[in-house]
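Structural overview
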Amino acid sequence: MHSDSLRGAACVALLAVAAACGGEAGAETPKGGPGGPGGGRGPSVTLAATDVATPQLMPLEDAIPVTGNLEPLERAEVRARLEGNVVQVYVREGQPVRAGQLLAVFEAGDQAGNARSADADVAAARSELGTAQWTLDQNRELHREGAIPERDVRVAEGAVAAARARLASAQARRGSTRREVGDTRVVAPVGGIIERRTVNPGEHVTRNASLFTLVRGDVLELAAAVPERAAAGVAAGQSVRFTADGSQFTGRVARISPSVDPGSRSVTVYVQVPNAEGRLRAGTFASGRIVSRVVEGAMVVPASAIREGGEGGGQVVYRVVDGKVNVAPVTVGLKDEAQGLVQVLTGLSEGDRVIAGNVGVLGEGMAVRMAGEGGPEKGKGKGGARGG
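Heads up: these notes are all about the structure in this document. Just so we're clear, the structure is a prediction, and the values are computed from it rather than from any experiment.

Parameters at a glance
Residues numbered from 1 in each chain as written. Predicted model: local features only at pLDDT ≥ 70, side-chain atom pairs only at ≥ 80, totals over all residues. Heavy atoms only, no water. Helix = DSSP H or I, 4+ residues; strand = E, 2+ residues; numbered from the N terminus. Polar contact = N/O pair within 3.5 Å; in protein donor to acceptor, adjacent residues only side chain to side chain. Pairing = 2+ DSSP bridges. Expected span 1.5 Å × (residues − 1). Buried < 20%, exposed > 50% of the residue type's maximum accessible area, 1.4 Å probe, protein only. Contact = heavy atoms within 4.5 Å. Axes fitted to C-alpha atoms, helices over the stretch in contact; angles between N-to-C directions. Parallel < 35°, antiparallel > 145°, perpendicular 65-115°, else oblique. Left-handed = near helix turned anticlockwise from the far one by under 90°. Nonpolar A, V, L, I, M, F, W, Y, C, P; charged D, E, K, R; others polar.

A few words on the environment of Glu77. Within the element layout of this structure, Glu77 appears in strand β4 (residues 71-79). C-alpha separation for the pair Glu77 and Val215, spaced 138 residues apart in sequence, amounts to 8.8 Å. Here the side chain of Glu77 touches Arg196 through a polar contact of 3.2 Å, side chain to side chain. Polar side-chain contacts of Glu77 include one of 3.1 Å to the side chain of Thr213.

As structure tokens, then:
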């Protein structure tokens, strides 16, 4: 009798333990499955404030990026036009000069002597022509009176023609010698800045030797390679916004190459940047954007908010709606790579909140918790995903 009582008590105890175990298992997995209406916990993600963005309405530029070095619009090599000794040099590197300004002077003794001799030859030839012309006039008068034969008139006419030829030759030689005298004075062909000086006073230089390199720095030019597919949207006169030496500059498309480079499949676009104040130096690296058009009031989101994975390979964004992740298919328009913005044509409204941070894998219906707002994720770092 005693043993039967013990066995009965043991059975009651086992049933009580089983009932307790069954109640705890039901709390973890309520009816309806994980995350269902039974109150269970499904997957969740914790977001920092910087992980969430709101679509903005703003002007957006359709632009093509270009980079390269800014080079002078003109670079002139000033060379010696004669051989001789340099007497004086008046400019140095970095010095601005105007067109026609005297840069250097050659010793001009021989040239000046030749010019004086040529002047004398012209005077003598002109005197001979005058005498020959007077003789011809006299012979014609005497011939009309019958005093001399026609042969004498013809001889006088030949003398006049010869005198005129000698005068033309003397005048040509005088012009040549005067140019030689002018060549002893080296002047700037255009206004600009002396980039290089390769001559000093007292040096003997040969004809065609380089003396100075002169650059025109009031306008700089960049030759940029634009991909063939994008070149169709580039036209002369379009605005170009540049960043160089930490400053912003505006230029314009001046010319476009008529052919495509067969190796790179690109088109060379020449962009000019005004530099009247000399703020930019030749050779400066610049990055810019050729603006083909501006869309006013475009709805834009950060480029990181656009994800792949829609139906048919479309694009989607993950919105935060009622504390959960909602997948919204979108169509996009312009992309501003410089600012990291994308235009959304359909699928979003101004008041939407989209997930733009790199927060790991997201899915429809996933619970969203904001860092610092309490709950299990409070106190964890910003910007990261937290699995629920």
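Here we come to the sheet that holds strand β7 (residues 102-106). If you trace the 4 strands from one edge of the open sheet to the other, you get β8-β7-β5-β10, paired in antiparallel fashion. On the outer flanks of this sheet lie β8 (185-187) and β10 (204-205), each paired with one strand and no other.

Let us now look at helix α3 (residues 150-183). Its 34 residues place the ends of α3 50 Å apart at the C-alpha level, agreeing with the 50 Å of an ideal helix rising 1.5 Å per residue. Restricting attention to buried positions, one finds in α3 the residues Val153, Ala156, Val160, Ala163, Leu167, Ala170 and Thr177. The inward-facing, buried residues of α3 abut α2 (109-144).

α3 packs onto α2 with a crossing angle of 165° between their chain directions and a minimal axis gap of 8 Å. Viewed along their axes, α2 and α3 adopt a mutual orientation that is roughly antiparallel. The two elements α2 and α3 meet at a crossing, and its hand is left-handed. Partitioned by chemical class, the residues of the contact of α2 with α3 number 16 nonpolar, 9 polar and 14 charged.

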